[in-house]
Amino acid sequence: MDDPEHSPGRSTRRLLRSTDRAYLATRRRGDAPAPDWPYAALVLLAVDHDASPLLLISALAEHTKDIARDNRVALLVDGTHGLDDPLTGARATLLGRIEKTAAPRHRARFLARHPGASMYADFKDFGFFRVAVERAHLVAGFGRIHWIAGDELLDAAGDAPELAAAESEIVRHMNRDHADALSLYAAKLLGLPSGAWAMTGIDAEGLDLRLAGCVARLDFPRRVATAEQARAELVKLAKKARTT
């Protein structure tokens, strides 16, 4: 019987949620230099609660001009950083259609993940975009290669509407009143350097942390659906970290 905790879809979601950048590939528009060729660019990445990719890009960028003509994109997410042999690590290529979004939650999640982007997020030429993933190709090491349908990759967006509504308050509370616990999560549970880690997001499967240019992901032992369940898991994680 397949284990959903280690399914290709769950593995790809973990990869998406654990990084803050990706490579965006578009098809060159007809009036551009090298028309019809693929074009790739580095972009900052955040994800929605269901793990749909969120981007903040400028209308002046080459890839944004391409998207205006053809909104089909590929997004490469690389989880091989720091490995002696990068080809043993996980990476995934997502195929989907990118659309502009004005959803307040998308803006909030992106800027929490990338606080420095608040300096230019309101410039007239910048906009937030969401990628509606249709398929993904996961390479999780030698011989571990999977094509994944979009509905296998994405978490059910309606599973935890109460948690999504409470996210900003939980994040504020943890950063204001429990910064010590966040540092313990990083140091004791993830083996990362101690420091002033901040929570940037929380969803049904775990929480996101950031310290300067470093991001980290801490999964919950079990899914949560409400703010109360999330708080209970955060308390359990803190107790575990203090005894580790």
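The rules behind these values
Residues numbered from 1 in each chain as written. Predicted model: local features only at pLDDT ≥ 70, side-chain atom pairs only at ≥ 80, totals over all residues. Heavy atoms only, no water. Pairing = 2+ DSSP bridges. Helix = DSSP H or I, 4+ residues; strand = E, 2+ residues; numbered from the N terminus. Axes fitted to C-alpha atoms, helices over the stretch in contact; angles between N-to-C directions. Contact = heavy atoms within 4.5 Å. Parallel < 35°, antiparallel > 145°, perpendicular 65-115°, else oblique. Left-handed = near helix turned anticlockwise from the far one by under 90°. Nonpolar A, V, L, I, M, F, W, Y, C, P; charged D, E, K, R; others polar. 1 Å grid on protein atoms, 1.4 Å probe; cavity = no way out; pocket = protein on both sides within 12 Å on 5 of 7 lines; lining within 4 Å. Points joined across faces, edges and corners; volume = space filled by probe spheres on them. Phe/Tyr/Trp six-rings, centres within 6.5 Å; stacked < 30°, edge-to-face > 60°. Lys NZ or Arg CZ within 6 Å of the ring centre and 35° of its normal. Expected span 1.5 Å × (residues − 1). Bend = angle between axes of the 7 residues up to and from the residue. Buried < 20%, exposed > 50% of the residue type's maximum accessible area, 1.4 Å probe, protein only. Patch = residues over 30% accessible without salt bridge, like charges linked within 9 Å, V, L, I, M, F, W, Y side chains within 5 Å. Areas by Shrake-Rupley, 256 points an atom, 1.4 Å probe, with all protein chains shown as cover. Salt bridge = Lys/Arg side-chain N within 4 Å of Asp/Glu carboxyl O.

Regarding the sheet that holds strand β10 (residues 206-211)
Reasoning step 1: Spatial strand order, β9-β10-β11: 3 strands in an open sheet with antiparallel pairing. Looking at the sheet topology across the chains shown, the edges are occupied by β9 (198-203) and β11 (214-219). Sheet twist, expressed as the mean angle between neighbouring strand axes with direction ignored, is 20°.
Reasoning step 2: For β10 and β11, the ladder comprises 6 bridges, and the chain directions are antiparallel. Looking at β11, one finds that leucine 209 is bridged to alanine 216.
Reasoning step 3: This element, helix α3 (residues 104-113), spans β9, β10 and β11 of the sheet and lies at about 145° to β9.
Reasoning step 4: The strands touched by helix α6 (residues 179-189) within the sheet are β9, β10 and β11, with β10 carrying the most contacts at an inclination of about 95°.

Points about the packing of helix α5 (residues 161-177) against helix α7 (residues 227-242)
Reasoning step 1: Taken N-terminus to C-terminus, the directions of α5 and α7 make an angle of 40°; their axes are 9 Å apart at the nearest point. In terms of their interaxial angle, α5 and α7 are classed as oblique. Crossing handedness for the pair α5 and α7: right-handed. Residues Glu162, Leu163, Ala166, Ile170 and Met174 of α5 form the contact with α7, whose participating residues are Ala227, Ala230, Arg231 and Leu234.
Reasoning step 2: Tallied by class, residues from the contact of α5 with α7 come to 7 nonpolar, no polar and 2 charged.

Notes on empty space enclosed by the protein
Reasoning step 1: Counted according to the given criterion, the structure contains 1 cavity of 30 Å³ or more.
Reasoning step 2: A volume near 100 Å³ is recorded for the largest cavity.
Reasoning step 3: Along the walls of the largest cavity sit Leu16, Arg17, Thr19, Leu45, Ala46, Val47, Arg109, Ala112, Arg113, Thr200, Gly201 and Asp208, which together make up its complete lining.
Reasoning step 4: When residues of the lining of the largest cavity are traced back to their parent elements, those giving at least two are α1 (8-17), β3 (46-47), α3 and β9.
Reasoning step 5: The element that contributes the greatest number of residues to the lining of the largest cavity is α3, accounting for 3 residues.
Reasoning step 6: Looking at the lining of the largest cavity residue by residue, the classes come out as 5 nonpolar, 3 polar and 4 charged.

Overview of the packing of aromatic side chains
Reasoning step 1: Taken as a whole, this structure holds 3 aromatic pairs when the rule is applied.
Reasoning step 2: Both rings, one in tyrosine 120 and one in phenylalanine 126, keep their centres 4.9 Å apart while their planes meet at 45°; by these two values the pair is tilted.
Reasoning step 3: By the ring-pair criterion, three or more aromatic residues cluster together here, those being Tyr120, Phe123 and Phe126.
Reasoning step 4: For arginine 28, the ring lying beneath its charged end belongs to tyrosine 39, and the centroid distance is 4.9 Å.

Thoughts on α5
Reasoning step 1: For α5, with 17 residues, the first-to-last C-alpha span of 24 Å sits near the 24 Å given by 1.5 Å per residue.
Reasoning step 2: A maximum bend of about 50° is found in α5 at glutamate 167.
Reasoning step 3: Burial in α5 covers these residues: Leu163, Ala164, Ala166, Glu167, Ile170, Val171 and Met174.

Overview of the layout of surface pockets
It is a probe the size of a water molecule, rolled over the atoms, that shows where empty space is left.
Reasoning step 1: Here the largest pocket is characterised by a volume of approximately 490 Å³.
Reasoning step 2: Taken together, 15 residues form the lining of the largest pocket, with Ser18, Thr19, Asp78, Gly79 and His81 sitting closest to its centre.
Reasoning step 3: Elements supplying a minimum of two residues to the lining of the largest pocket: α1, β1 (21-27) and β11.
Reasoning step 4: Among the residues making up the lining of the largest pocket, the classes are represented as 5 nonpolar, 4 polar and 6 charged.
Reasoning step 5: When its volume is computed, the second largest pocket comes out at roughly 260 Å³.
Reasoning step 6: In terms of lining, the second largest pocket is formed by 16 residues, of which the most central are Ala108, Ala112, Ser168, Val171 and Thr200.
Reasoning step 7: Elements represented by at least two residues in the lining of the second largest pocket include exactly α3, α5 and β9.
Reasoning step 8: Class assignment for the residues of the lining of the second largest pocket results in 7 nonpolar, 4 polar and 5 charged.

Some remarks on the environment of histidine 49
Reasoning step 1: Along the chain, histidine 49 turns up in the loop between β3 and β4 (53-58).
Reasoning step 2: In this structure, the C-alpha to C-alpha distance between histidine 49 and glycine 116, residues 67 residues apart in sequence, is 21 Å.
Reasoning step 3: Apart from the residues within four sequence positions on either side, histidine 49 is in contact with Arg17, Arg105, Arg109, Asp155, Ala164, Glu167, Ile202 and Asp203.

Some details on a nonpolar patch on the surface
Reasoning step 1: On the surface, Tyr23, Leu42 and Leu76 cluster together into a nonpolar patch covering about 280 Å² of accessible area.
Reasoning step 2: Relative to the helices and strands, tyrosine 23 is located in strand β1.
Reasoning step 3: Classification of tyrosine 23 by relative accessible area gives partly exposed; the value is 40%.

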